[in-house]
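Structural features, examined
Each chain, letter by letter, is given below.
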Protein chains: 2
Amino acid sequence: MSFVIVSQQRRFAPDKMQKVNLFASPQMFCDVYCLEPGQAQKPHEHANATKFYYVLEGTGEFQVGDRTQMLSAGQLAFALPGEIHGVSNASDGRLVLLVAMGPNPNVKG
Amino acid sequence: MSFVIVSQQRRFAPDKMQKVNLFASPQMFCDVYCLEPGQAQKPHEHANATKFYYVLEGTGEFQVGDRTQMLSAGQLAFALPGEIHGVSNASDGRLVLLVAMGPNPNVKG
């Protein structure tokens, strides 16, 4: 399972944003986030981890620290440890993100 | 510099594969790798890091451990610590990859 067809790893739900895990190790996890219109990942922070969102499809409003920017497919937002970050899909289309974070707080080394 | 237009971060050179850094922290780096036809990143391993290649454009031959697979845009290969990995562009078009690795051996925490 070293190879993944990312476009097949998508799952949407009407109640909330879906996270589809692609792989996980103690050093890093990689997910696909799938947001229907109106869904969001609320701003939050990780004290010790670096994370990025890469837009695969659609347009989202991304917050990192005190900055907010609209990003579309081919654009990326990253948050360093302690930087507040979040994303919301205020568009009328689906938003799909490739997301990686390291280290992985859910898997012990 | 929390936001990056990845499609603008490309640089090719005739002598070897180019790496364009998007961001780096002690926990993770993220690069764009740009391979002209015939260029490669030779198989190698990282004892303590997890890494992935996500294909943005083109087609490459990816090795992870003892497995080799052709991947095109929208597909991903990942290598856990100690897994040999590499990529070669045996196609007649350019190959562009989004690459992340954590932790980052080049930046101390």
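The following paragraphs examine the structure supplied in this document. The residue numbering used here restarts from 1 in each chain and proceeds along that chain's sequence as written. Chains carry letters and ligands carry numbers; both start at the beginning, A for chains and 1 for ligands, and go up in the order they are written. Selection of residues for local features in this predicted model requires a pLDDT of at least 70, selection of side-chain atom pairs for listing and counting requires 80 or more, and totals for whole chains, interfaces and linings are taken over all residues.

Section: the overall build of chain A
Here is the rule: A run of H or I in DSSP counts as a helix once it spans at least four residues, and a run of E counts as a strand once it spans at least two, with each numbered from the N terminus. Restricting the calculation to C-alpha atoms gives the radius of gyration, and the globule rule supplies 2.2 Å times the number of residues raised to the power 0.38. The burial criterion counts other C-beta atoms lying within 10 Å of a residue's C-beta, which is placed from the backbone; the residue is buried at 20 or more, exposed at 12 or fewer, and partly exposed between these limits. Once C-beta atoms have been placed from the backbone, residue pairs whose C-beta atoms lie within 7 Å are recorded as contacts.
Across its full length, chain A carries zero helices and 10 strands. The order of α-helices and β-strands along chain A, N terminus first, is β-β-β-β-β-β-β-β-β-β. Since a compact globule built from 109 residues should have a radius of gyration of about 13 Å, the 13 Å found for chain A is in line with a globular shape. C-alpha extents for chain A along the principal axes are approximately 40 × 35 × 25 Å. The buried share of chain A, taken over its 109 residues, is 40%. Long-range contacts, defined here as pairs at least 24 residues apart, represent 64% of the contacts in chain A between residues at least 6 apart.

Considerations on the sheet that holds strand β9 (residues 85–88) of chain B
Residue and element names in this part refer to chain B. As a reminder, the rule being used: Paired strands, in this sense, are two strands between which DSSP finds at least two bridges. Between the N-to-C directions of two axes lies an angle of 0 to 180 degrees, each axis being a line fitted to C-alpha atoms and, for a helix, fitted only over the stretch in contact.
Pairing within the open sheet is antiparallel, and its four strands lie in the order β4-β9-β6-β7. Of all the strands in the sheet, the pair left with one neighbour each is β4 (40–44) and β7 (67–72). Sheet twist, expressed as the average angle between the axes of neighbouring strands with direction ignored, equals 25 degrees. Pairing of strand β6 (residues 59–64) with β7 involves six bridges; the strand directions are antiparallel. Pairing of Glu-61 across the sheet is with Met-70, part of β7.

Some thoughts on the environment of B:Gln18
Residues and elements named next belong to chain B. Relative to the assigned elements, Gln-18 resides in strand β2 (residues 18–24). Gln-18 sits in the partly exposed class, given 17 other C-beta atoms within 10 Å. A sequence separation of 44 residues divides Gln-18 from Phe-62, and the C-alpha atoms of the two residues are 17 Å apart.

Some details on the interface of chain B and chain A
Here is the rule we go by: Nonpolar residues are Ala, Val, Leu, Ile, Met, Phe, Trp, Tyr, Cys and Pro. Charged residues are Asp, Glu, Lys and Arg, and all others, Gly as well, are polar.
The partner chain A presents 34 residues to the 34 residues of chain B that form the contact. Residue assignment for the side of chain B that touches chain A shows that the elements contributing at least two residues are β1 (3–5), β2, β5 (50–57), β6, β7, β8 (75–79) and β10 (95–102) of chain B. Counting residues per element, the side of chain B that touches chain A draws most heavily on β8(B), at five residues. Considered class by class, the residues forming the side of chain B that touches chain A number 23 nonpolar, 10 polar and one charged. As defined by bridge partners, strand β8 (residues 75–79) of chain A adjoins β1(B) across three bridges and the pair is classed as antiparallel. Within β1(B), the residue paired with A:Ala77 across the bridge is B:Phe3.

Observations regarding the sheet that holds strand β6 (residues 59–64) of chain A
Residues and elements named next belong to chain A. What the four strands build is an open sheet, ordered β4-β9-β6-β7; its pairing is antiparallel. Across the chains shown, the open sheet's two edge strands, defined by having one partner strand only, are β4 (40–44) and β7 (67–72). Neighbour-to-neighbour, the strand axes of the sheet open up by a mean angle of 25 degrees, direction not taken into account. One ladder, built from four bridges, connects β6 with strand β9 (residues 85–88); its direction is antiparallel.

Brief notes about the pairing of strand β3 (residues 29–35) of chain A
Residue and element names in this part refer to chain A. A large share of β3 lies buried, amounting to six of its seven residues. Two strands pair when backbone bridges link them, and strand β2 (residues 18–24) and β3 are joined in this way by six bridges, in the antiparallel orientation. Bridge pairing in β3 places Phe-23 opposite Cys-30. What sits between the antiparallel neighbours β2 and β3 is a turn of four residues. As paired elements, β3 and strand β10 (residues 95–102) share seven bridges and run antiparallel to each other.

Examining the relation of the copies chain B and chain A
What counts, and what does not: Superposing the copies works by least squares over the C-alpha atoms of residues that have pLDDT at least 70 in both of them.
With an RMSD of 0.0 Å, chain B superimposes on chain A once it is rotated by 180 degrees and translated 0.0 Å along the axis. Taken together, the rotation and translation relating the two chain copies correspond to the operation of a two-fold axis. Within chain B, the C-alpha atom positioned nearest to the axis of rotation is that of B:Gly102, 2.9 Å from it. Mapped onto chain A, 100% of the interface residues of chain B are again interface residues, and the two copies thus contact each other with one and the same surface.

Observations concerning the nonpolar core
Applied cut-off: Each nonpolar core reported here comprises buried Ala, Val, Leu, Ile, Met, Phe, Trp, Tyr and Cys residues connected via C-beta atoms within 7 Å.
Formed by 59 residues in total, the largest nonpolar core has its most connected members in A:Tyr53, A:Tyr54, A:Leu76, A:Leu97, B:Tyr53, B:Tyr54 and B:Leu97. Beyond its immediate chain neighbours, meaning those up to four positions away, B:Tyr53 contacts B:Phe62, B:Leu76, B:Ala77, B:Val87, B:Leu97 and B:Val99.

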